[in-house]
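Each chain is listed here by its residues.
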Amino acid sequence: MPVTDASVATALYQRRSVRAFTDRAVDPALLKEIFTAAQRAPSGGNLQPWQATVLTGEPWQAVKDAVAARIAMGRAGYEPEYDIYPKGLTEPWEARRFGVGEALYAALGIPREDKARRLAQFVENYRGFGAPVMLFLHCSRIMGPPQWSDMGMWLQSVMLLLVDAGLASCPQECWALYGATVRRALALDDGQILFTGLAIGYAADDAAVNQWPVPRAPLGEVIDWQGF
Ligand SMILES: Cc1cc2nc3c(=O)[nH]c(=O)nc-3n(C[C@H](O)[C@H](O)[C@H](O)COP(=O)(O)O)c2cc1C
C-alpha cells in the first residue's frame, strides 16, 4: 500500500533526488494508487492543471533516442520550452545553484577541471539516470504562475508518496531544453507545455551519487517572522 500512516515529515526527510536507479521494474498498480492519492493535491480554483504522461519500456526508449539525436547536434539541437533559470540569476540563488552542483561533483570525485566527466554526469540526466519509469509533467499553455505552482504541489505529493512506497525519484527540468523534441515523441499537441520529467524507480542505495548531504539555506534566509 503506498498510502500508509507514516508521517509526512518522515517522507520529507527521506526524499532526495536519486540519480542512480536499479533496473527493478515498477508495478503499475502501485503507481496508479500513488497517482490516485496525489489527486488530493490542492490547486487554486480546484483546476488540477497538471497532466502527466508516464512511460516505460519501448515508449520511454523512444524519447531517450529522440533526445539523444538532438544532443548529438550540439547547441543547435536545443528546443527549449522555457528559461529554466532567470537570466542573470543573482545572489543568494546563484550561490545555492552553484553550491549544489559542486557538492554533487565532489561526492563523485569529479574535479572542476574535468569538464568531460562533468558533462558525462549531466548527460546521465537524459537516460533518466537508469530509471525504468519516466513521468513527464505538462499542462495547457494557457496556464500561468499560479497553476505552475499547483503543478509543483502535485509533483511533491507524488514524490513523497513514492518514498512512502519504497520508491525513489528525481525531478528533471533538464528535459525542457529539448521540450519540443519530447512533446513530439509523446505526441502531445502544441497547446501543451512541458514542465519537467520525473525519473521513477528503486534507488541504487550504494551509489555515491545518492549519498551526499544536500545543503539547505538556514531558516533565517527564507522566513521573516513578524509579530511573534
Ligand atoms: C522542478 C525540478 C526540476 C529539477 N531538475 C533537475 C534536473 O534536471 N536534473 C537534476 O539532476 N536535478 C534536478 N532537480 C533536483 C534538484 O537539484 C534538487 O531538488 C535540489 O538540489 C535539492 O536536492 P534534493 O532534491 O536531493 O533534496 C530538479 C528539482 C526540481 C524540483
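See the structure shown above.
Here we summarise the structure given alongside this text. (Residues numbered from 1 in each chain as written. Predicted model: local features only at pLDDT ≥ 70, side-chain atom pairs only at ≥ 80, totals over all residues. Heavy atoms only, no water.)

Around the ligand, the surrounding shell holds 15 residues, and the nearest of these are Ser17, Arg19, Asn125, Glu173 and Arg216. In the model, a nitrogen atom of the ligand is placed 2.8 Å from a nitrogen or oxygen of the Glu173 main chain. Compared with its free state, where it exposes 620 Å², the ligand has 75% of that area covered by protein. Counting residues per element, the shell around the ligand draws most heavily on strand 3 (residues 168–172), which supplies 3 residues. When grouped by side-chain class, the residues that make up the shell around the ligand number 7 nonpolar, 3 polar and 5 charged. (Near = heavy atom within 4 Å. Polar contact = N/O pair within 3.5 Å; in protein donor to acceptor, adjacent residues only side chain to side chain. Areas by Shrake-Rupley, 256 points an atom, 1.4 Å probe, with all protein chains shown as cover. Helix = DSSP H or I, 4+ residues; strand = E, 2+ residues; numbered from the N terminus. Nonpolar A, V, L, I, M, F, W, Y, C, P; charged D, E, K, R; others polar.)

In this model helix 3 (residues 57–71) runs 21 Å from its N-terminal to its C-terminal C-alpha over 15 residues, within 8% of the 21 Å that 1.5 Å per residue would give. Of all the residues in helix 3, the buried ones are Trp60, Val63, Lys64, Val67 and Arg70. All buried residues of helix 3 project into a common sector of 120 degrees when viewed along the axis, lining one side. Summarising the contacts, the buried residues of helix 3 are in contact with strand 1 (51–56), strand 2 (133–140) and helix 7 (179–186). (Expected span 1.5 Å × (residues − 1). Buried < 20%, exposed > 50% of the residue type's maximum accessible area, 1.4 Å probe, protein only. Arc of directions from axis to C-beta. Contact = heavy atoms within 4.5 Å.)

With that out of the way, let us pick up the layout of surface pockets. The volume enclosed by the second largest pocket comes to roughly 230 Å³. Sorting the residues of the lining of the second largest pocket by element identifies helix 6 (145–164) and strand 3 as the ones contributing at least two each. Taken together, the residues that form the lining of the second largest pocket break down as 7 nonpolar, 5 polar and 3 charged. (1 Å grid on protein atoms, 1.4 Å probe; cavity = no way out; pocket = protein on both sides within 12 Å on 5 of 7 lines; lining within 4 Å. Points joined across faces, edges and corners; volume = space filled by probe spheres on them.)

To continue, consider a nonpolar patch on the surface. On the surface, Leu219, Val222, Ile223, Trp225 and Phe228 cluster together to form a nonpolar patch covering roughly 620 Å² of accessible area. Turning to its location among the elements, Phe228 is positioned in the segment after helix 8 (219–222). (Patch = residues over 30% accessible without salt bridge, like charges linked within 9 Å, V, L, I, M, F, W, Y side chains within 5 Å. Salt bridge = Lys/Arg side-chain N within 4 Å of Asp/Glu carboxyl O.)

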